[in-house]
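# Structural overview
If you want the building blocks of each chain, they are given just below.
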Amino acid sequence: MTVLIATRLRPDELGELARLLDAASLPSADLAEPDRIFFRFGVDHIVGYGGLEGEGTDRLLRSVVVLPDCRGLGVGRAMVAALEKEARELGVQRLHLLTTTAAPFFSAMGYAAADRDAAPTTIADSREFASLCPASADYLVKAL
């Protein structure tokens, strides 16, 4: 699957995303906070979710989750590409992410390991970076 339709979620539509994130042991406590944009992806049915957090030229790639029966089909790659396109349209120059399980996946998509101490203040001060993700999470960055 290479073409996906991205639909921006309204605040009242975050429940299914939260359930999927919880099932995947990913942070969901801050989904409704300001400066977050989340999307559902699909064509004739939903295949996954993902989003962006923050303002300015450095933002977090957040909450990328593919439905279990859609994994291994290239859906995750297509979703990340769509989120990167959205980020570029918003003027984002670098995407940052934290992961405890998917560093190889993101590395294969051009994200590079980075030193957490070198993260821009806007990223380091985010709730995801400061408290929701463990200090052991891999920190990766990609210039767009």
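Because the structure is predicted, anything quoted here is derived from the model rather than measured. (Residues numbered from 1 in each chain as written. Predicted model: local features only at pLDDT ≥ 70, side-chain atom pairs only at ≥ 80, totals over all residues. Heavy atoms only, no water.)

## Examining the sheet that holds strand E4 (residues 58-66)
With mixed pairing, seven strands are arranged side by side in an open sheet as E1-E2-E3-E4-E5-E7-E6. Since the sheet does not close on itself, it has two edges, and those belong to strand E1 (5-8) and strand E6 (112-113), each with one partner. With six bridges connecting them, strand E5 (residues 94-99) and strand E7 (residues 138-143) associate as antiparallel partners. Bridge assignment links Arg94 to a residue of E7, and that residue is Ala143. Packing of helix H1 (residues 14-23) onto the sheet brings it into contact with strand E2 (36-42), strand E3 (46-53) and E4, and relative to E4 it is tilted by some 80 degrees. (Pairing = 2+ DSSP bridges. Helix = DSSP H or I, 4+ residues; strand = E, 2+ residues; numbered from the N terminus. Contact = heavy atoms within 4.5 Å. Axes fitted to C-alpha atoms, helices over the stretch in contact; angles between N-to-C directions.)

## Description of the pairing of E3
The buried fraction of E3 amounts to seven of the eight residues, a majority that puts the element mostly inside the structure. Where E2 lies against E3, seven bridges are found, and the strand directions are antiparallel. If you follow Gly42 over to E3, its bridge partner there is Ile46. With antiparallel pairing between neighbouring strands as the criterion, E2 and E3 make up a hairpin whose turn holds three residues. As judged from the five bridges shared by E3 and E4, these two strands associate in the antiparallel manner. Within the sheet, the bridge partner assigned to Gly48 lies in E4 and is Val66. The antiparallel pairing of E3 with E4 creates a hairpin that spans four residues between the two strands, and Gly54 there sits at a positive phi of about 110 degrees. (Buried < 20%, exposed > 50% of the residue type's maximum accessible area, 1.4 Å probe, protein only.)

All quantities given are derived from atomic positions and should not be read as evidence of function.
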